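Observations on chain architecture
What follows is each chain in one-letter form.
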There are 2 protein chains.
Amino acid sequence: MSCPLALTTDGSALYGCGACLWSVGKGRRGRIAGSRDSFRLIKTSSDSGARAGELLTPHGSVPTPVFLPVGSQGTVKTVTPGDLESIGVKMVLANAYHLFLRPGVDVIERIGGLHRFMGWDGAVLTDSGGYQIFSLAGLRKVTDRGVVFRSHIDGSQHYITPELAIEIQESLGADVIMVLDDVPSSTGSFEEVQQAMERTHVWAERCLRARSAGDRILFAIVQGGLFPELRHRSAAYLTSLGFSGYAVGGLSLGEPKAQTRAMVGETAALLPEDRPRYLMGVGSPDDIVDAVGAGIDMFDSVLPTRVARNGTLLTWQGRCHIRNSAYREMESPVDPDCNCYTCRHFSAAYLHHLFRCEELLAYRLATVHNLSFMSALMDGIRRAVMDGTFNSFEESFRAGYQPTEEKVRLAQKRKWLDARDRRMMIQDE
Amino acid sequence: MSCPLALTTDGSALYGCGACLWSVGKGRRGRIAGSRDSFRLIKTSSDSGARAGELLTPHGSVPTPVFLPVGSQGTVKTVTPGDLESIGVKMVLANAYHLFLRPGVDVIERIGGLHRFMGWDGAVLTDSGGYQIFSLAGLRKVTDRGVVFRSHIDGSQHYITPELAIEIQESLGADVIMVLDDVPSSTGSFEEVQQAMERTHVWAERCLRARSAGDRILFAIVQGGLFPELRHRSAAYLTSLGFSGYAVGGLSLGEPKAQTRAMVGETAALLPEDRPRYLMGVGSPDDIVDAVGAGIDMFDSVLPTRVARNGTLLTWQGRCHIRNSAYREMESPVDPDCNCYTCRHFSAAYLHHLFRCEELLAYRLATVHNLSFMSALMDGIRRAVMDGTFNSFEESFRAGYQPTEEKVRLAQKRKWLDARDRRMMIQDE
């Protein structure tokens, strides 16, 4: 449902959104419950920061490290819940911002919650929409109290507060929910990033208070941009409040990889051992292996699904561009060692043909392959941590995997962000 | 493979296409074999022309009446062979014209034939491409010997003869293959239609002679436009040659339904009882019920898959437009009585949401539903024929089913044909 509330011109006079169906008092607030045991750390690598664990959600246990496919609008693009299950996916990400705007929280509640709406029995994490509001929506006014923004779909005006962000996610019925955060630009000054961080802290505390009793798992989001000092302060403050998990936000936004790595290392080391650590928006295989070594447990990114739709298939050797004429007559599958539905049933030549014809099946088969690769990658990582061989896994991974060149990667990221700015490729952000 | 042969300017000096990999002598020609027993008529309705039978192909037996989903480019748009199997599909149509141009017959042969290329173990009928050459390609010159045309994809020039049309289809490895026909415009004069029909006859005879030994089933195509006299002559001539099956071509091209019906009735009555009868390009549920009553056994059409991608779902009550806001909050599936994957797993509200978001999964779920509906329709028809209750089936179908208004239908068909002319919606013709 779009918020039917007519706002004052500058939005400043409003606080809360009482007219919206989903915003009136549901559940009891102010109690923190049921989340202390939502994570079980099973093993820590002796020769790196890598960990193996288990996230315990109302929709099943999720072995970590885990990669979450992105289904912003209540669908992981091109695939069914059945496909996801076959691939071995246990948890997906959906986006409260998108679902709030369309179809509206009231619709999803009426159908019986997000799981039922999507036909998905596994776990769901919802992003609060902070990132989308600050990057996607027409931003009108941010105060410590909340944000007035315009929908990227129809320009309608909405007001969101930390309390509302929690209520929306609870109404959707997500298993893991995220605080509303103020996401600064990756090129912001120290003062700008500091201000956004401080607001994120105030909002995080309000989210914690706003939370209903129940078994939903609430994560805070550490901000602080590329400034180690701010990352330290953010981690220290948020961990002092006691959340069920901690995300590292505001990274992988176009900055050089070395900086992302440094910040992930800095931040992960500051987070409590007994809580899950989630690096938001990171999804290239080499970055994931790296971040697992730094102690990260959870990841999400549109990368595997988006590059799939562009004809880029992930393999243990690196990315393979199936539109390339080298695949025109290739009888073997894209990756002969891959056990996914696509590689078991189709030649590289067939995939090449489907992409050249722009057949819709192309996008689905490539998505199935890439998500299967991510699943196999995470399984491999986890097994290695459990066996105490993560370092040699990493070495052998790096020996085989040709990462995308930094220049190409940055150009691609810039293209995505520009396209998003032009409101084009927004749908799976 | 694109034909690499450089043609003379008017193409007239050429006959055959010796330079193409796929055109040099494969198999023995001139023998007709193995096809006499490719159809078994099991039951004829006592109160109508409706028949139940079985088409016996190298890739399994196909109960008739049957509807063939269209997979012109070697894929039924949006669905996998596994999806088709789950739906109960036993046979699909692919298009020799499209596959000849892309990826090229050599590629498909190298991969092991069309079945292996597509990952499809069921039966395949290939259309020769006559319709596409005459409607889609840039037409250069038609003589009794063959056609020179330009590819709609890249403008490259190709020369096709009846012999080549057969060889292409045999090389693809189709189970049922079609003669090359000269398809006149549905608004052509008597003389124009007569000329095209006579050429179709000459070509049909050459196709019959060109055919290799083997168990491929060759169908002739009765032409004659909307002129009963020509339909009679065409049916008489072609049946005198002795084909394994007979198609009725050149209908459902934008003419009023009453005319289509009259021509189908005229033509079907002239075809031998012991051979399958195939009405090309017809696919709306009400037209199919009608044509079965006239004695037709096989159908193909892009209609169910194309309208699916447009958000139109077929039900026993008629077409349902899922983008309509009436479905925004509908908790039940589109058709509560439907047992397809889509209706078993998702609410109408979810489908509505996917279409509104233009999510690729929408097109797939709608396609699965529509093909499942077609499958259920054909099953119902066949059961009724077997039980001797086709007339009451038809009555009850018509009592429930609201056909698309003639005006809307003609406008839609015109839109499709226009779009095709603009080279836009060509991909599943």
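Residue indices begin from 1 for each chain and proceed along its sequence in written order. Here every chain gets a letter starting at A, and every ligand a number starting at 1, in the order they are written. pLDDT decides what is reported in this predicted model: residues at 70 or higher carry local features, side-chain atom pairs at 80 or more are listed and counted, and totals for whole chains, interfaces and linings draw on all residues regardless. Here the side-chain values reflect all heavy atoms present in the structure, with hydrogen atoms and water set aside.

Helix and strand definitions follow DSSP, with helices as H or I runs of at least four residues and strands as E runs of at least two, each counted in order from the N terminus. Regarding its fold elements, chain A presents 16 helices and 16 strands. Pairs at least 24 apart in sequence give 69% of the contacts found in chain A among residues at least 6 apart. Per element, the accessible surface of chain A, about 15,200 Å² overall, is 49% carbon and sulfur. The contact definition used throughout considers only heavy atoms, calling two residues in contact when any of these lie within 4.5 Å. Accessible surface area values rest on a Shrake-Rupley calculation with a 1.4 Å probe, where residue burial reflects the displayed protein chains alone.

This paragraph deals with the pattern of salt bridges. For salt bridges, the criterion is a side-chain nitrogen of Lys or Arg within 4 Å of an Asp or Glu carboxyl oxygen. Here the structure, examined in full by the defined rule, presents 38 salt bridges over all chains. A salt bridge links B:Glu54 to B:Arg40; the nearest nitrogen and oxygen atoms lie 2.9 Å apart. With B:Glu54 in strand E2 (residues 51–57) and B:Arg40 in strand E1 (residues 39–44), the pair connects residues that are 14 residues apart, well separated along the chain. Relative accessibility thresholds used throughout: buried, under 20% of the residue-type maximum; exposed, over 50%; partly exposed, between the two (1.4 Å probe, protein chains only). On the accessibility criterion, B:Glu54 (17% relative accessible area) is buried. Across the pair B:Arg206 and B:Glu163 runs a salt bridge whose closest N-O atoms are separated by 2.8 Å. Of this pair, B:Arg206 sits in helix H7 (residues 190–210) while B:Glu163 sits in helix H6 (residues 162–172); the two residues are 43 residues apart in sequence, bridging distant segments of the chain. You can call B:Arg206 buried: its relative accessible area is 9%. Through salt bridges with shared partners, a single network forms among A:Asp106, A:Arg110, B:Arg328 and B:Glu329.

On to the confidence of the model for chain A. For any part of a model where pLDDT is low, the fine detail of the predicted coordinates should not be relied upon. All names here are of chain A. Values of pLDDT, the confidence the predictor places in each residue, fall between 0 and 100. Scored by pLDDT, chain A comes out at a mean of 88, with 88% of its residues at no less than 70. Segment residues 1–35: pLDDT under 50, and 93 contacts once partners within four positions in sequence are set aside and those in other chains are kept. In the predicted structure, residues 423–429 sits below a pLDDT of 50 and forms 34 contacts with residues beyond four places in sequence or in another chain. Scoring of the predicted complex yields 0.90 for pTM and 0.90 for ipTM.

This paragraph deals with the interface of chain B and chain A. The interface of chain B with chain A comprises 45 residues on the first partner and 45 residues on the second. For the pair chain B and chain A, the summed buried area comes to about 3,700 Å², and 53% of that belongs to carbon and sulfur atoms. If you look at where chain B meets chain A, you find 10 salt bridges. Linking A:Arg328 and B:Asp106 is a salt bridge whose minimum nitrogen-to-oxygen distance equals 3.9 Å. Two N or O atoms count as a polar contact when they lie within 3.5 Å, although within protein this holds only if one can serve as hydrogen donor and the other as acceptor, and sequence-adjacent residues are included solely when both atoms are side-chain atoms. The tally of links between chain B and chain A comes to 20 residue pairs in polar contact (both at pLDDT 80 or more). At the level of secondary structure, the elements contributing two or more residues to the side of chain B that touches chain A comprise helix H1 (81–87), helix H3 (105–111), helix H4 (114–118), helix H12 (341–345), helix H13 (348–356) and helix H14 (360–387) of chain B. For the side of chain B that touches chain A, the class distribution of residues is 20 nonpolar, 11 polar and 14 charged. We define buried area as the total accessible area lost by two parts upon association, computed with a 1.4 Å probe and summed across both. Following the grouping adopted for this structure description, the nonpolar residues are Ala, Val, Leu, Ile, Met, Phe, Trp, Tyr, Cys and Pro, the charged ones are Asp, Glu, Lys and Arg, and the polar ones are all others, Gly among them.

To continue, consider the sheet that holds strand E3 (residues 60–64) of chain B. All names here are of chain B. Here a strand pair is declared whenever DSSP counts at least two bridges between the two strands. The sheet built from three strands is open, its strands ordered E1-E2-E3 with antiparallel pairing. Lying at the two open borders of the sheet, with one neighbouring strand each, are E1 and E3. Averaged over all adjacent pairs, the angle separating strand axes in this sheet is 15 degrees, with direction ignored. In this sheet, E2 lies alongside E1 in antiparallel orientation, the contact comprising five bridges. The residue of E2 that forms the bridge with Leu41 is Gly53. As a rule, the C-alpha atoms of each element are fitted with a line to give its axis, helices using only the stretch in contact, and angles between N-to-C directions run from 0 to 180 degrees. Contacts between H14 and the sheet are confined to E1, E2 and E3, with E2 contributing the most and set at about 115 degrees to the helix.

Residues and elements named next belong to chain B. Close contact between H13 and H14 brings their axes to 7 Å; oriented N to C, the two are set at 135 degrees. Viewed along their axes, H13 and H14 adopt a mutual orientation that is oblique. When the axes of H13 and H14 are compared, the crossing they make is left-handed. Facing Tyr350, Leu351, Leu354 and Phe355 of H13, the residues of H14 in contact are Leu361, Ala362, Tyr363, Leu365 and Ala366. Angle categories are assigned with fixed cut-offs, so that under 35 degrees is roughly parallel, over 145 is roughly antiparallel, 65 to 115 is roughly perpendicular, and the rest are oblique. Take the far helix as the reference: if the near one is turned anticlockwise from it by less than a right angle, the crossing is left-handed, and if turned clockwise, right-handed.

For the rest of this paragraph, the subject is the sheet that holds strand E3 (residues 60–64) of chain A. Residue and element names in this part refer to chain A. Ordered in space as E1-E2-E3, the three strands form an open sheet in which the pairing is antiparallel. With one partner strand each, in any of the chains shown, strand E1 (39–44) and E3 form the two edges of the open sheet. Each neighbouring strand pair of the sheet contributes to a mean axis angle of 15 degrees, computed without reference to strand direction. Summarising the sheet, strand E2 (residues 51–57) and E3 pair through five bridges and their orientation is antiparallel. The partner of Leu56 across the bridge, within E3, is Ser61. Together, E1, E2 and E3 form the strand contacts of helix H14 (residues 360–387), whose direction differs from that of E2 by roughly 115 degrees.

Turning our eyes to something else, we now look at the environment of A:Ser332. Residue and element names in this part refer to chain A. Within the secondary structure, Ser332 is located in the loop between strand E16 (318–321) and helix H12 (341–345). Overall, Ser332 belongs to the partly exposed group, its relative accessible area being 30%. Counting along the chain gives 190 residues from Ser332 to Val142, while the straight-line C-alpha distance between them is 54 Å. Setting aside residues no more than four positions away along its own chain, Ser332 makes contact with Ser347 and Ala348.

Here we come to the relation of the copies chain B and chain A. After a rotation of 180 degrees and a shift along the axis of 0.0 Å, chain B superposes on chain A with an RMSD of 0.0 Å. The two molecules are tied by a two-fold rotation axis, judged by turn and shift. Relative to the rotation axis, the closest C-alpha in chain B is found at B:Leu360, a distance of 3.9 Å. A symmetric contact is evident, with 100% of the interface residues of chain B recurring at the interface of chain A. The copies were overlaid by least squares, fitting only the C-alpha atoms of residues that reach a pLDDT of 70 or more in each copy.

Moving on, we come to unusual backbone geometry. Cis geometry is adopted by the peptide bond preceding B:Pro65, which originates at B:Thr64 and carries an omega value of 0 degrees. With respect to the element layout, B:Pro65 can be found in the loop between E3 and strand E4 (66–69). In this model, B:Arg102 is joined to B:Pro103 through a cis peptide bond whose omega is 15 degrees. By the element assignment, B:Pro103 lies in the loop between helix H2 (96–101) and H3. Residues other than glycine seldom take positive phi values, yet A:Ser252 does so here, at roughly 55 degrees. Among the structural elements, A:Ser252 can be located in the loop between strand E12 (245–248) and helix H9 (257–268). Not every positive phi belongs to a glycine, and A:Glu358 is a case in point at roughly 55 degrees.

The next thing to look at is the packing of aromatic side chains. Working definition: a ring pair exists when centres of Phe, Tyr or Trp rings (six-membered ring for Trp) sit within 6.5 Å. Plane angles under 30 degrees give stacked, over 60 give edge-to-face, the rest tilted. Using the criterion set out here, one finds 24 aromatic pairs over all chains in the structure. Arranged with centres 5.7 Å apart and planes meeting at 45 degrees, the rings of A:Tyr97 and A:Phe149 form a pair that is tilted. With a gap of 52 residues between them, A:Tyr97 in helix H2 (residues 96–101) and A:Phe149 in strand E8 (residues 147–150) connect regions that are remote in the sequence. With respect to class, A:Tyr97 is no different from A:Phe149; both count as buried. With centroids separated by 5.6 Å and ring planes inclined at 75 degrees, the aromatic side chains of B:Phe355 and B:Tyr363 adopt a geometry described as edge-to-face.

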